[in-house]
Amino acid sequence: MQKKEIAINVENLSKTYKNGVKAISGVSFFVNFGEIFGLLGPNGAGKSSTVRILSTLSNLSDGNAHIAGFNVSKSPTEVRLLMGYVAQSTGVDAWATGKENLLLQAQLERVPRKDINKRVSHLLEWVGLSSVSRKLVNTYSGGMKRRLEIAMGLVHEPKVLFLDEPSTGLDPESRRKLWNDLKYLQKQKKITVLLTTHYLEEADYLCDRIAIIDKGRVVTEGTPSELKSKISSDIVTLEIENEISIASNILKNLNGVNSTNIEGDRIVLQVTNGKKILPSLIIELQRKSIDVNSFSFNSPTLDDVYLKFTGHRFDQDI
Ligand SMILES: Nc1ncnc2c1ncn2[C@@H]1O[C@H](COP(=O)(O)OP(=O)(O)O)[C@@H](O)[C@H]1O
Ligand SMILES: [Mg+2]
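Keep in mind the model is a prediction, meaning the values are calculated, not measured. (Residues numbered from 1 in each chain as written. Chains lettered and ligands numbered in written order. Predicted model: local features only at pLDDT ≥ 70, side-chain atom pairs only at ≥ 80, totals over all residues. Heavy atoms only, no water.)

Q: Honestly, helix H5 (residues 142–153) in this entry has me stumped. Any pointers?
A: Since the α-helix packs 3.6 residues into each turn, any two residues three or four apart lie on the same face. Look at H5: 17 Å from first C-alpha to last across 12 residues, which is about the 16 Å you get at 1.5 Å a residue. In terms of burial, H5 is largely enclosed, as 9 of its 12 residues are buried. Among the residues of H5, Gly-143, Arg-146, Arg-147, Leu-148, Glu-149, Ile-150, Ala-151, Met-152 and Gly-153 are the ones counted as buried. Here the buried face of H5 lies against strand E6 (83–86), helix H3 (98–108), helix H4 (113–126), strand E7 (160–164) and helix H6 (172–189). (Helix = DSSP H or I, 4+ residues; strand = E, 2+ residues; numbered from the N terminus. Expected span 1.5 Å × (residues − 1). Buried < 20%, exposed > 50% of the residue type's maximum accessible area, 1.4 Å probe, protein only. Contact = heavy atoms within 4.5 Å.)

Q: Sorry if this is basic, but what is going on with unusual backbone geometry here?
A: Comment: phi is negative for the bulk of residues other than glycine, and the bulk of peptide bonds are trans. Phi at Asn-12 takes a positive value of approximately 50°, unusual for a residue other than glycine. Looking at where Asn-12 falls in the secondary structure, it is placed in strand E1 (residues 6–16). Phi angles above zero are rare outside glycine, and Lys-215 is one such case at about 50°. As for its placement among the helices and strands, Lys-215 is situated in the loop between strand E9 (209–214) and strand E10 (217–222).

Q: Looking at this model, I keep getting lost on the sheet that holds strand E12 (residues 257–263). Mind explaining?
A: Think of a sheet as strands paired side by side through backbone hydrogen bonds, with each pair either parallel or antiparallel. Read from one edge to the other, the open sheet built from 4 strands follows the order E12-E13-E11-E14, with strand pairing classed as antiparallel. Whereas interior strands pair on both sides, the edge strands pair on one side only; in this sheet they are E12 and strand E14 (292–298). Here the strands of the sheet are splayed against their neighbours by 20° on average, with no regard to which way each runs. Examined bridge by bridge, strand E11 (residues 234–240) and E14 share 6 bridges and lie antiparallel to one another. Note on E14: the bridge partner recorded for Val-236 is Phe-297. Here helix H9 (residues 244–252) sits on the sheet in contact with E11, E12 and strand E13 (266–271), set at roughly 170° to E12. Sitting on the sheet, helix H10 (residues 274–287) is in contact with E11, E12, E13 and E14, with an inclination near 25° to E11. (Pairing = 2+ DSSP bridges. Axes fitted to C-alpha atoms, helices over the stretch in contact; angles between N-to-C directions.)

Q: Before we go on, may I ask you to explain the domain arrangement of the protein in this structure?
A: When the parts of a complex come together, some accessible area is lost, and that lost area is often used as the size of the interface. By domain assignment, the protein separates into domain 1 (6–228) and domain 2 (232–299). Taking only C-alpha atoms, the centre of domain 1 and the centre of domain 2 are 42 Å apart. (Domains from an automatic or database assignment.)

Q: Even after reading the chapter, I still don't get the site of ligand 1, so can you show me in this structure?
A: In the vicinity of ligand 1 there are 13 residues, among which Gly-44, Gly-46, Lys-47, Ser-48 and Ser-49 approach most closely. Between ligand 1 and Lys-47 there is a distance of 2.8 Å, counted from an oxygen atom to a side-chain nitrogen or oxygen. The contact in question runs from an oxygen atom of ligand 1 to an N or O atom on the side chain of Ser-49, over 2.5 Å. Of the residues forming the shell around ligand 1, the biggest block, 4 residues, is contributed by helix H1 (residues 47–54). Taken together, the residues of the shell around ligand 1 break down into 5 nonpolar, 6 polar and 2 charged. (Near = heavy atom within 4 Å. Polar contact = N/O pair within 3.5 Å; in protein donor to acceptor, adjacent residues only side chain to side chain. Nonpolar A, V, L, I, M, F, W, Y, C, P; charged D, E, K, R; others polar.)

Q: I'm lost on the packing of H9 against H10 in this one. Help?
A: Each pair of packed helices can be described by the angle between their axes along with the distance between the axes. The interhelical angle for the contact between H9 and H10, taken along N-to-C directions, is 130°, at an axis separation of 10 Å. In this view, H9 runs oblique relative to H10, as classed from their interaxial angle. For the crossing formed where H9 meets H10, the hand is right-handed. Taking contact as the criterion, the partners of Ala-247, Ile-250 and Leu-251 in H9 are, on H10, Leu-281, Glu-284 and Leu-285. When the residues that make up the contact of H9 with H10 are grouped by side-chain class, the tally is 5 nonpolar, no polar and 1 charged. (Parallel < 35°, antiparallel > 145°, perpendicular 65-115°, else oblique. Left-handed = near helix turned anticlockwise from the far one by under 90°.)

Q: Sorry if this is basic, but what is going on with the sheet that holds strand E5 (residues 70–71) here?
A: The strand order across the open sheet formed by 4 strands is E2-E1-E4-E5, and the pairing between neighbours is antiparallel. Sheet topology places strand E2 (22–32) and E5 at the edges, where each strand pairs with a single neighbour. With 8 bridges connecting them, E1 and E2 associate as antiparallel partners. Note on E2: the bridge partner recorded for Ile-6 is Asn-32. Of the strands in this sheet, E1, E2 and strand E4 (62–67) are in contact with H1, which crosses E2 at around 60°.

Structure follows, in structure tokens:
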């Protein structure tokens with residue numbers, strides 16, 4: 001048994017699949033009770049593999065993981081009682097109604113018979129599906145389906161909820177609604193949530209703390225603002241008319257420029273003092289007959305954090 005105060009504790013977790021793919025290579029992080037924690041990373045980073053191990057659906061190859069002090073490998077039954085899991089693509093029955101899906105899930109999760117009806121109605125109301133609870137799921141929108149799936153993950157009142165890519169495929173409005181629902185869940189029900197996402201904005205808005213995961217490793221971890229403050233630079237973006245690689249080389253060597261990165265016809269620079277240095281960057285390029293079409297100046301985002309720690313941009317569209 002480990003300390004009970006920590007909801008999820010993952011130490012040096014590794015996973016190699018039978019086909020030899022090493023999906024996770026020594027991942028460590030912890031989640032406190034009551035937190036919404038995000039595993040943020042692009043496709044193939046190892047997020048689903050991690051969550052499947054934590055929810056006892058898949059074996060780990062090395063390291064260990066505890067949920068509320070219970071070892072996922074040694075005490076899977078206790079872990080299953082404590083947690084709810086909503087997979088990336090799940091098994092709702094599209095030819096049953098929303099209510100039937102929830103009733104079935106409640107039976108599968110062995111919710112006491114006397115509690116089932118009350119709990120199911122309460123959950124339907126909470127996810128805003130009461131009025132359509134007797135309609136077949138195949139008439140639901142993507143957002144409604146996702147909310148039903150989350151309700152199904154909550155039917156046995158778990159202390160810890162795992163959500164694998166909860167907002168993938170949702171339109172911006174449904175996504176925003178889901179975020180608010182999750183914040184409500186955290187506040188009212190004191191549930192601990194571990195979610196995976198490849199949306200920077202989602203991690204930034206929703207999560208108390210984030211681990212950025214890339215190629216099976218955690219590259220950095222912290223609250224969104226801690227992560228952003230790891231970038232001590234400002235971000236300046238210059239759109240260049242011609243000779244972009246020459247321009248980048250010129251800029252790289254100037255005082256106050258910490259790094260340059262070419263992205264299409266733009267150069268993204270991390271600089272020590274953006275407002276002060278910007279005019280001299282443009283003058284220097286003009287002296288070499290290189291025209292700047294436009295420029296912008298930004299505070300660091302999680303995307304910049306990602307670039308700093310992985311050496312490449314976060315591509316959320318893949
Ligand atoms: N069941 C599996 N068998 C073999 N390889 C897998 C399996 N599941 C995932 N992988 C591989 O492991 C790596 C990590 O995948 P995954 O954990 O699904 O990442 P993510 O959820 O971040 O997209 C990928 O290279 C993927 O192809
Ligand atoms: Mg995944």
